[in-house]
Amino acid sequence: MPSWRVTPLFEKLFLWLDPLPRDGAWNMALDQALLELTDGPVLRAYSWEEPTVTLGYAQNVEKLRPSLPSWPVTRRWTGGGVVLHEGDHTYSVIVPAVCEWSQTRPVESYRLIHRALAEALVVAGYEGCRLAGPEDVIDLPFCFEAPAVHDIVKGAVKISGAGQRRS
């Protein structure tokens, strides 16, 4: 196994591995409640009880509806495009405004979190994971068909991305 050392992003981080799959509305409401109520950074990993579509807060659901599967649709309180959740695992990094790290520029926080995750995936045996560069970017509404800069890709395939919301 390769030697691996990443500079910690947070002095302290609460880890919540949610043991139960939940519906889309519950998952999104919990992330928002954590942002409003926690006084320290939280990494929450969770899953979905049924296939679910999530849309970023700026997406137009009526315009997209004809291209969506007939799954429940839930709006995320973060940005981003359309995500089809079907058997995937999802994570949220919630950093309240009282934490110094919340002042990190959005593009930089996105890059730092994804760099740490890509390095962890490589250590876990997923060789070839890297951050997407400008040459990988595709402009499509469906998130996993369209890498953005600093998403995680393996070859030309996007395997992880994220949305952000600052408040």
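Up top is the structure.
A brief structural summary. For clarity, every value in this text was computed on a predicted model and none was experimentally measured. (Residues numbered from 1 in each chain as written. Predicted model: local features only at pLDDT ≥ 70, side-chain atom pairs only at ≥ 80, totals over all residues. Heavy atoms only, no water.)

Things to note about helix H1 (residues 24–37)
For H1, which comprises 14 residues, the first-to-last C-alpha distance of 20 Å matches the rise-based estimate of 20 Å (1.5 Å per residue) to within 8%. Residues Gly24, Asn27, Met28, Leu30, Asp31, Leu34 and Leu35 constitute the buried set of H1. Buried residues of H1, seen end-on, are gathered within an arc of 160 degrees and therefore sit on one face of the element. In H1, the exposed residues that point more than 90 degrees away from the buried face are Glu36 and Leu37. Of the surrounding secondary structure, the elements contacted by the buried residues of H1 are strand S1 (14–17), strand S2 (42–47), strand S3 (52–55), strand S4 (73–75) and strand S6 (89–94). One side-chain oxygen at the N-terminal end of H1 lies 3.2 Å from the backbone nitrogen of Ala25; it belongs to Asp23. (Helix = DSSP H or I, 4+ residues; strand = E, 2+ residues; numbered from the N terminus. Expected span 1.5 Å × (residues − 1). Buried < 20%, exposed > 50% of the residue type's maximum accessible area, 1.4 Å probe, protein only. Arc of directions from axis to C-beta. Contact = heavy atoms within 4.5 Å. Polar contact = N/O pair within 3.5 Å; in protein donor to acceptor, adjacent residues only side chain to side chain.)

As for the pattern of salt bridges
Once their charged atoms are close, side chains differing in charge can pair, the charge on each being opposite to the other. This model, assessed by the stated rule, comprises seven salt bridges. A salt bridge links Lys158 to Asp151, with the shortest nitrogen-to-oxygen separation between them at 2.8 Å. Residue classification places Asp151 among the buried positions, given a relative accessible area of 1%. Through salt bridges with shared partners, a single network forms among Asp18, Arg22, Asp31 and Arg44. (Salt bridge = Lys/Arg side-chain N within 4 Å of Asp/Glu carboxyl O.)

Some remarks on the sheet that holds strand S7 (residues 129–131)
Taken in spatial order, the three strands line up as S7-S8-S9 in an open sheet, and their pairing is antiparallel. Pairing within the sheet leaves two strands with one partner each, and these edge strands are S7 and strand S9 (157–160). Adjacent strand axes in the sheet meet at a mean angle of 45 degrees when their direction is disregarded. One ladder, built from three bridges, connects S7 with strand S8 (residues 152–154); its direction is antiparallel. Within S8, the position partnered with Cys129 by the bridge is Lys154. Strand contacts of helix H3 (residues 106–123): S7, S8 and S9, with the helix running at about 165 degrees to S7, the strand carrying the most contacts. (Pairing = 2+ DSSP bridges. Axes fitted to C-alpha atoms, helices over the stretch in contact; angles between N-to-C directions.)

Quick notes on the pairing of S9
Bridging between S8 and S9 involves three bridges; their strand directions are antiparallel. Following the sheet pairing, Lys154 is matched in S9 by Val157.

Details of the packing of aromatic side chains
What the rule picks out here adds up to two aromatic pairs. Over the ring of Trp16 we find Arg44, and its NZ or CZ is 5.7 Å from the ring centre. Over the face of the ring belonging to Tyr46 we find Arg44, whose NZ or CZ atom lies 3.7 Å from the ring centre. (Phe/Tyr/Trp six-rings, centres within 6.5 Å; stacked < 30°, edge-to-face > 60°. Lys NZ or Arg CZ within 6 Å of the ring centre and 35° of its normal.)

Remarks on the environment of Pro106
Assignment of secondary structure puts Pro106 in helix H3. Pro106 sits 59 residues away from Arg165 along the chain, and the two C-alpha atoms are 8.9 Å apart. Leaving out residues up to four positions away in the same chain, Pro106 has contacts with Gln164 and Arg166.

So, unusual backbone geometry
Trans peptide bonds make up the majority, and among non-glycine residues the majority have a negative phi. Despite not being glycine, His150 has its phi angle at roughly 80 degrees, a positive value. Positionally, His150 belongs in the loop between S7 and S8.

Quick word on the pairing of S3
Neither face of S3 is left uncovered, since the one carrying Thr52 and Thr54 and the one carrying Val53 and Leu55 both have all their residues buried. Across four bridges, the pairing between S3 and strand S5 (residues 82–85) is antiparallel. Bridge assignment links Leu55 to a residue of S5, and that residue is Val82. Strand direction decides the pairing type here: S3 and S4, joined by three bridges, are parallel. From the neighbouring strand, Thr54 faces S4, where its bridge partner is Thr74.

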